[in-house]
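The residues making up each chain are set out below.
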Amino acid sequence: TFYSTVSAVTSRAEADAAFLENEAAQRAMEGMEANVDTASAVLSDFREIRRDFSSDEFTEGIRNQLQGLEVEQDREFRGLSREQRRKVHLLAGELGMLSQSFS
């Protein structure tokens, strides 16, 4: 569902922030200057989440195509940008589908 997808993406953002914080701490211990701003990274992830879940013509078109698929039917989307592929993956997850990119 939509809420479980948002929850999963939020959990991923939190995990990424914890990873970045750990990396920064390790660099600091090694005498290197930590140049990773964890709060900034988290805000950036949340901006991406908001952008990913915004509804536009592309998003609605992909959602309609995915909803029209039969069980075990595949759909290939060619020539998509990185952002568009990300939206396809999020929409597929929202609809309980599996997705895979070959770039």
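The following refers to the structure shown. (Residues numbered from 1 in each chain as written. Predicted model: local features only at pLDDT ≥ 70, side-chain atom pairs only at ≥ 80, totals over all residues. Heavy atoms only, no water.)

## Regarding the overall build of the protein
A tally of helices and strands in the protein yields four helices and zero strands. Going from the N terminus to the C terminus, the protein shows its helices and strands as α-α-α-α. Counted over contacts in the protein with a minimum sequence separation of 6, partners at least 24 positions apart contribute 65%. Split by element, the accessible area of the protein, about 7600 Å² in all, is 50% carbon and sulfur. (Helix = DSSP H or I, 4+ residues; strand = E, 2+ residues; numbered from the N terminus. Contact = heavy atoms within 4.5 Å. Areas by Shrake-Rupley, 256 points an atom, 1.4 Å probe, with all protein chains shown as cover.)

## Points about the packing of aromatic side chains
Counted according to the given criterion, the structure contains zero aromatic pairs. Here the basic side chain of Arg-75 rests over the ring of Phe-77, its NZ or CZ set 4.4 Å away from the ring centre. (Phe/Tyr/Trp six-rings, centres within 6.5 Å; stacked < 30°, edge-to-face > 60°. Lys NZ or Arg CZ within 6 Å of the ring centre and 35° of its normal.)

## Some thoughts on the packing of helix H3 (residues 57-67) against helix H4 (residues 82-94)
Contact geometry of H3 with H4 gives a least axis separation of 10 Å together with a crossing angle of 45 degrees. By the angle class used here, H3 and H4 are oblique. Crossing handedness for the pair H3 and H4: right-handed. When H3 is examined against H4, the residues Phe-58, Thr-59, Ile-62, Arg-63 and Leu-66 are found in contact with a partner set consisting of Gln-84, Lys-87, Val-88, Leu-91, Ala-92 and Glu-94. For the contact of H3 with H4, a count of residues per class yields six nonpolar, two polar and three charged. (Axes fitted to C-alpha atoms, helices over the stretch in contact; angles between N-to-C directions. Parallel < 35°, antiparallel > 145°, perpendicular 65-115°, else oblique. Left-handed = near helix turned anticlockwise from the far one by under 90°. Nonpolar A, V, L, I, M, F, W, Y, C, P; charged D, E, K, R; others polar.)

## So, the pattern of salt bridges
Overall, the coordinates contain four salt bridges when judged by the stated rule. The partner of Asp-56 in a salt bridge is Lys-87, and the shortest N-O contact between them spans 3.1 Å. Here Asp-56, found in the loop between helix H2 (38-52) and H3, pairs with Lys-87, found in helix H4; they are 31 residues apart in sequence, far enough to count as distant. The partner of Arg-78 in a salt bridge is Glu-76, and the shortest N-O contact between them spans 2.6 Å. (Salt bridge = Lys/Arg side-chain N within 4 Å of Asp/Glu carboxyl O.)

## As for the nonpolar core
Ranked by size, the top nonpolar core spans seven residues in total: Ile-62, Leu-66, Leu-69, Leu-80, Val-88, Leu-91 and Ala-92. Mapped by element, the contributors of at least two residues to this core are H3 and H4. If one sorts the elements of this core by residue count, H4 sits on top with three residues. Those residues in contact with Ile-62, other than ones at most four positions away along the chain, are Phe-77, Val-88 and Leu-91. (Core = buried A, V, L, I, M, F, W, Y, C linked by side-chain atoms within 4.5 Å. Buried < 20%, exposed > 50% of the residue type's maximum accessible area, 1.4 Å probe, protein only.)

## Notes on the side chain of Thr-59
Relative to the helices and strands, Thr-59 is located in helix H3. Taking the relative accessible area as the measure of exposure, Thr-59 reaches 3% and is therefore buried. One polar contact links Thr-59 to Lys-87, side chain to side chain, over a distance of 3.1 Å. (Polar contact = N/O pair within 3.5 Å; in protein donor to acceptor, adjacent residues only side chain to side chain.)

## Here's the deal with H4
Because each turn of an α-helix spans 3.6 residues, side chains separated by three or four positions in sequence point in the same direction. The end-to-end C-alpha separation of H4 is 18 Å, in line with the 18 Å expected for 13 residues at 1.5 Å each. Along H4, the positions that sit buried rather than exposed are Lys-87, Val-88, Leu-90, Leu-91, Ala-92 and Glu-94. Backbone geometry just downstream of H4 places Gly-96 in the positive-phi region, at approximately 75 degrees. (Expected span 1.5 Å × (residues − 1).)

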